[in-house]
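# Fold and geometry: a report
Residues per chain, in single letters:
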Amino acid sequence: MSRLRSLIEAGDRLVLTGEARTMDAGDLDDFSEKTVEMAEWVDAINATDNPTARAHASNVAIAIAIAQMGAEPVLQVVCRDKNRLACQADVVGAALHGVENVCCLTGDDVTAGDEPQACRVFDLDGPQLVSVVDGLSRGRYLSGRSTGRPLDLLVGAVENPGAPPLEYRAERAALKIGAGARFLQLQICFLPERLEAFVSALDRAGLCQQAAILPTIVLLRGTRGLKFVHDRVPGVIVPPETIARIEAAQDESEAAYALALEQAREALALPGVRGLHLTDFRHDGALSRLCEDLRIPTREERYADAYRSPLAV
Amino acid sequence: MKVIATLEHVVKKPMFGCQMCGQCVLHETGMTCPMNCPKTLRNGPCGGVREDGACEVKPDMRCVWLKAEHRARAWPLPSSWRAHFGHLRAPVDNSLHGTSAWANLFSGRNRELPAGWQTERARPGPEAT
């Protein structure tokens, strides 16, 4: 059983996941070097699947690289680029290398990336992929053919608490949880009231006990990053007043860090939130600083004393 | 069979933008065809919906699922149809593309699912309110 799964199933333990940096040409030492800081803090690291519709080293290759450096991978699988055969083959192939966590996404459209001419696949959608991977976990391909033995996976998904139709987002999350998702890494949300309404709807429905809810915190260097997220990440808006606030600060980088810290504190204070999903675009030690400022011990320290919640410290 | 498919297309294309997927779910989706979603999503909107409700892929088009969700609530549809809105719908059977959903409904062909599709776990989300 994966470490992430045992933490989630324990019910009251803090859960931290993170997003691995994308890799292009290079070698595994480069990758380890870029990932070692994150590995010190988070329980598991996502091997992304062509994020924002740009080609990079594949999800399966990165997941194996994460496992080889002694960290625990989460294989991200996106419906945009591969049909149902290829998605299943990726999951089963990665499992052969010990990758036991899978996060299922519908995925940004090809028009969000640098190859808008590409064919969009979407043979499955996000909720269907969750159900199919849950089937693999139980030992059956979608066709009904046996995988030989159950893959025994931890299946998760993503939901965007900030995109319309807002009141329907919790229902869509419920659909994914019903299909087998045991964790939800939420899309980054710069509107705290939307995040709160979403988590509270899940909590009222008793769904936060069925799946670990992990809001995303993104570490950016300043307004350039915020504007990029606003302009280029589909379904995410950064309010102009937030950008203006960072722009007006004497030290933009420090203000951007303070924004992330504030978002992390607010997210962890929401009833029903189990932890955070961290994305670091700064690569300047801000990730360690964030965890320290939240008074979250390192991963090893957390395991040593069955650490529960940062609010209890 | 070809005659039925043609007739169906003539009726449903102008009314619903029917794409002849051969496995119609209009009654479950607020009489809004999910095959008009550029990602052909059958289970709700993706996370890319724009702030004004427009489609991520086609900014001039309102998100198909925003329309579907509104109509499922607001239109006077049978309550059993509305209850199906939050059900997990199976992956599209691409081999049915271009065939008549009406004929497939009567023959039962549209209910043939892959053996590994886990219908027992496909439980509905909360009712649309």
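Description of the structure in this document. What you see is a predicted model; the values in this text were computed from it and never measured.

## Description of the overall build of chain B
The helix and strand tally for chain B stands at four helices and zero strands. Starting at the N terminus and ending at the C terminus, chain B contains elements arranged as α-α-α-α. Here the C-alpha atoms of chain B give a radius of gyration of 15 Å, agreeing with the 14 Å that 2.2 N^0.38 yields for 129 residues. Once the C-alpha set of chain B is aligned to its principal axes, its extents read approximately 45 × 35 × 30 Å. Relative to its 129 residues, chain B shows a buried fraction of 49%. Long-range pairs, those at least 24 residues apart, make up 54% of the contacts in chain B between residues at least 6 apart in sequence. Counting only carbon and sulfur atoms, one obtains 60% of the accessible surface of chain B, whose full area is about 6,500 Å². If the 17 positive side-chain charges of chain B are averaged to one point and the 11 negative ones to another, these points end up 3 Å apart.

## Comments concerning unusual backbone geometry
All names here are of chain A. The residue after Pro 164, namely Pro 165, is reached through a cis peptide bond having omega -5 degrees. Positive phi values are uncommon outside glycine, yet Thr 52 reaches one of about 40 degrees. Following the sequence through the fold, Thr 52 ends up in the loop between strand E2 (44–47) and helix H3 (59–68). Look at Arg 295: it is not a glycine, yet its phi comes out positive at around 60 degrees.

## A look at the nonpolar core
Side chains that are nonpolar tend, in soluble globular proteins, to be buried together. Residue and element names in this part refer to chain A. With 82 residues, the main nonpolar core has Val 91, Leu 184, Leu 202 and Leu 276 as its most contacted residues. If sequence neighbours within four positions are ignored, Leu 276 has contacts with Val 15, Leu 16, Thr 17, Leu 214, Pro 215, Ile 217, Ala 264, Ala 267, Leu 268 and Leu 294. One finds Ile 188, Val 218, Leu 226 and Val 229 within the second-largest nonpolar core, a separate group that totals 14 residues.

## As for the packing of helix H2 (residues 28–41) of chain A against helix H11 (residues 286–293) of chain A
All names here are of chain A. Between H2 and H11, the least distance of the axes is 9 Å, while the angle of their chain directions is 10 degrees. Classified by the angle between their axes, H2 and H11 sit roughly parallel to one another. Taking contact as the criterion, the partners of Glu 37, Met 38 and Trp 41 in H2 are, on H11, Ala 286, Leu 287, Ser 288, Cys 291 and Glu 292. Of the residues assigned to the contact of H2 with H11, the class counts are five nonpolar, one polar and two charged.

## So, the pairing of strand E1 (residues 15–19) of chain A
Residues and elements named next belong to chain A. Extensive coverage of E1 is indicated by the burial of four of its five residues. Bridge count for E1 against strand E9 (residues 275–280) is four bridges, and the pairing is parallel. Residue pairing for E9: Val 15 is matched across the bridge by Gly 275. Direction of pairing for E1 relative to E2: parallel, over a ladder of three bridges. Note on E2: the bridge partner recorded for Gly 18 is Ile 45.

## A word on the side chain of A:Arg54
All names here are of chain A. Relative to the elements of secondary structure, Arg 54 occurs in the loop between E2 and H3. It turns out Arg 54 is buried and unbridged, and the closest side chain with the opposite charge, Asp 114, is 4.4 Å from it. Separated by 3.2 Å, the side chain of Arg 54 and the backbone oxygen of Thr 52 make a polar contact. A polar atom in the side chain of Arg 54 sits 3.4 Å from the backbone oxygen of Ala 112. The residues contacting Arg 54, other than those within four sequence positions of it, are Ala 112, Gly 113, Asp 114 and Arg 232.

## Looking at the environment of A:Asp152
All names here are of chain A. Counting through the fold element by element, Asp 152 comes out in the loop between helix H5 (126–137) and strand E5 (154–159). Its relative accessible area of 40% is what places Asp 152 among the partly exposed residues. Between the alpha carbons of Asp 152 and Ser 253 there is a distance of 43 Å; along the sequence they are 101 residues apart. Looking at Asp 152, its side chain comes within polar contact range of the side chain of Arg 5, at 3.0 Å.

## A word on the pattern of salt bridges
Oppositely charged side chains may form a pair once their charged atoms are brought near each other. All names here are of chain A. Here the structure, examined in full by the defined rule, presents 25 salt bridges over all chains. Across the pair Arg 3 and Glu 72 runs a salt bridge, and its minimum N-O distance is 3.9 Å. Here Arg 3 is found in helix H1 (residues 3–9), whereas its partner Glu 72 is found in the loop between H3 and strand E3 (73–78), with 69 residues between them in sequence. Residue classification places Arg 3 among the partly exposed positions, given a relative accessible area of 24%. Residue Lys 176 is joined to Glu 159 by a salt bridge in which the shortest nitrogen-to-oxygen separation is 3.1 Å. Taken together, the positions of Lys 176 in helix H6 (residues 166–178) and Glu 159 in strand E5 put the pair 17 residues apart, joining distant regions of the chain.

## Examining the interface of chain A and chain B
The interface is formed by 47 residues belonging to chain A together with 41 residues belonging to chain B. Of the roughly 3,300 Å² buried between chain A and chain B on both sides combined, carbon and sulfur atoms contribute 52%. Considering only the side of chain A, the residues that lose the most area to chain B are A:Tyr168, A:Glu171 and A:Leu175, jointly responsible for 17% of the buried surface there. Across the chain A-chain B interface, the total number found is one salt bridge. For the salt bridge of B:Glu51 with A:Arg194, the shortest nitrogen-to-oxygen distance reads 2.6 Å. Remark: the boundary between chain A and chain B carries 20 residue pairs in polar contact (both at pLDDT 80 or more). Put simply, the parts of the chain that give the side of chain A that touches chain B at least two residues each are H5 and H6 of chain A. Residue contributions to the side of chain A that touches chain B peak at nine residues, all from H6(A). Classifying every residue of the side of chain A that touches chain B by side-chain character gives 18 nonpolar, 14 polar and 15 charged.

What counts, and at which threshold
Residues numbered from 1 in each chain as written. Chains lettered and ligands numbered in written order. Predicted model: local features only at pLDDT ≥ 70, side-chain atom pairs only at ≥ 80, totals over all residues. Heavy atoms only, no water. Helix = DSSP H or I, 4+ residues; strand = E, 2+ residues; numbered from the N terminus. Rg over C-alpha atoms; globule rule 2.2 N^0.38 Å. Buried < 20%, exposed > 50% of the residue type's maximum accessible area, 1.4 Å probe, protein only. Contact = heavy atoms within 4.5 Å. Areas by Shrake-Rupley, 256 points an atom, 1.4 Å probe, with all protein chains shown as cover. Lys, Arg positive; Asp, Glu negative; His and termini not counted. Charge placed at Lys NZ, Arg CZ, Asp CG, Glu CD. Core = buried A, V, L, I, M, F, W, Y, C linked by side-chain atoms within 4.5 Å. Axes fitted to C-alpha atoms, helices over the stretch in contact; angles between N-to-C directions. Parallel < 35°, antiparallel > 145°, perpendicular 65-115°, else oblique. Nonpolar A, V, L, I, M, F, W, Y, C, P; charged D, E, K, R; others polar. Pairing = 2+ DSSP bridges. Salt bridge = Lys/Arg side-chain N within 4 Å of Asp/Glu carboxyl O. Polar contact = N/O pair within 3.5 Å; in protein donor to acceptor, adjacent residues only side chain to side chain. Buried area = accessible area lost by both parts, 1.4 Å probe.

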